[in-house]
Structure formats: C-alpha cells, structure tokens
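# Residue-level structure breakdown
Residue-level listing of the chains:
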Amino acid sequence: MANINRATLRKRIEKDLMKQMKDNGIKGNYLTDLVQDYLALWDLKTDLIEDIKENGIQIPGMHGPKSNPSINDLHKTNDRMIKILDALNLNVPAAEKKQPVNYSKSELT
C-alpha cells in the first residue's frame, strides 16, 4: 500500500467499516459506538507499533534487557480489535480471504 498518512488511513478504515455495516443491514447507535471503540484501539495499536520501531523489542530493565511491554500490549490490542469485528459481524470479505492450498500427495514427496 502506498504511504498514506495516519489520519487518512483511519478515515478510510472507518468508512469501510460503516459501509460494511450498512451493506449487512447492521444498525444501532451502540454498534456505531463499537466502531469508534475499534478505531480507538486502532490508534493505540499504531502507537504501540511506533514504540516498538523506536525502542526495539528489548528495552533496558533493572537487571538487564527485558522484553518491550508494547509487544504484549500490541497482541492484546489486536485480539480485542478482532473481537469487536466479530461482535459487529464484520470480517474480511470472502473475495479477500486466502483460500487454503491443497497439495496432492505427489507434490509433497
């Protein structure tokens, strides 16, 4: 993907999610609020990724290097984002899902 500034990408994600909700007939203020929660987590995820890029996967600790806590936080944030998408019944469209590759036995040997 081309280098898009963060605010533009965030607006595109919001637009995509709202369009999916509309296309799926999903309505409700509390559901729109969940999209805003998703976007807040997206902001946090982006900040965590930046922290990992800036500080690395290890940071100085009291007794030597330790794992950057942003790594664990990133994992938890991504998990929560996926749960919100599931709650909204919004997923990757079928056309974009990768189909598993089925190999024949002869190709594996």
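What comes next is a walk through the structure. If you're wondering where the values come from, they're calculated on a predicted model, not measured in any experiment. (Residues numbered from 1 in each chain as written. Predicted model: local features only at pLDDT ≥ 70, side-chain atom pairs only at ≥ 80, totals over all residues. Heavy atoms only, no water.)

What follows deals with the layout of surface pockets. Estimated volume of the second largest pocket: approximately 230 Å³. For the second largest pocket, the full set of lining residues is Ile4, Asn5, Arg6, Leu9, Ile13, Trp42, Lys45, Thr46, Ile49, Glu50 and Lys53. For the lining of the second largest pocket, the elements supplying multiple residues, two or more each, are α1 (6-23) and α2 (29-55). Examining the composition of the lining of the second largest pocket, we find that six residues originate from one element, α2, more than from any other. Its residues assigned to classes, the lining of the second largest pocket shows five nonpolar, two polar and four charged. (1 Å grid on protein atoms, 1.4 Å probe; cavity = no way out; pocket = protein on both sides within 12 Å on 5 of 7 lines; lining within 4 Å. Points joined across faces, edges and corners; volume = space filled by probe spheres on them. Helix = DSSP H or I, 4+ residues; strand = E, 2+ residues; numbered from the N terminus. Nonpolar A, V, L, I, M, F, W, Y, C, P; charged D, E, K, R; others polar.)

This paragraph deals with the packing of α2 against helix α3 (residues 69-87). Where α2 contacts α3, the axes come no closer than 9 Å and their chain directions differ by 160°. Between α2 and α3, the angle falls in the class roughly antiparallel. Crossing of α2 over α3 shows left-handed handedness. Two secondary-structure elements touch here, α2 through Leu34, Asp37, Tyr38, Leu41, Trp42, Leu44, Lys45, Leu48, Ile49, Asp51 and Ile52 and α3 through Ser70, Ile71, Asp73, Leu74, Thr77, Asn78, Arg80, Met81, Ile84, Leu85 and Ala87. When its residues are assigned to classes, the contact of α2 with α3 shows 14 nonpolar, three polar and five charged. (Axes fitted to C-alpha atoms, helices over the stretch in contact; angles between N-to-C directions. Parallel < 35°, antiparallel > 145°, perpendicular 65-115°, else oblique. Left-handed = near helix turned anticlockwise from the far one by under 90°. Contact = heavy atoms within 4.5 Å.)

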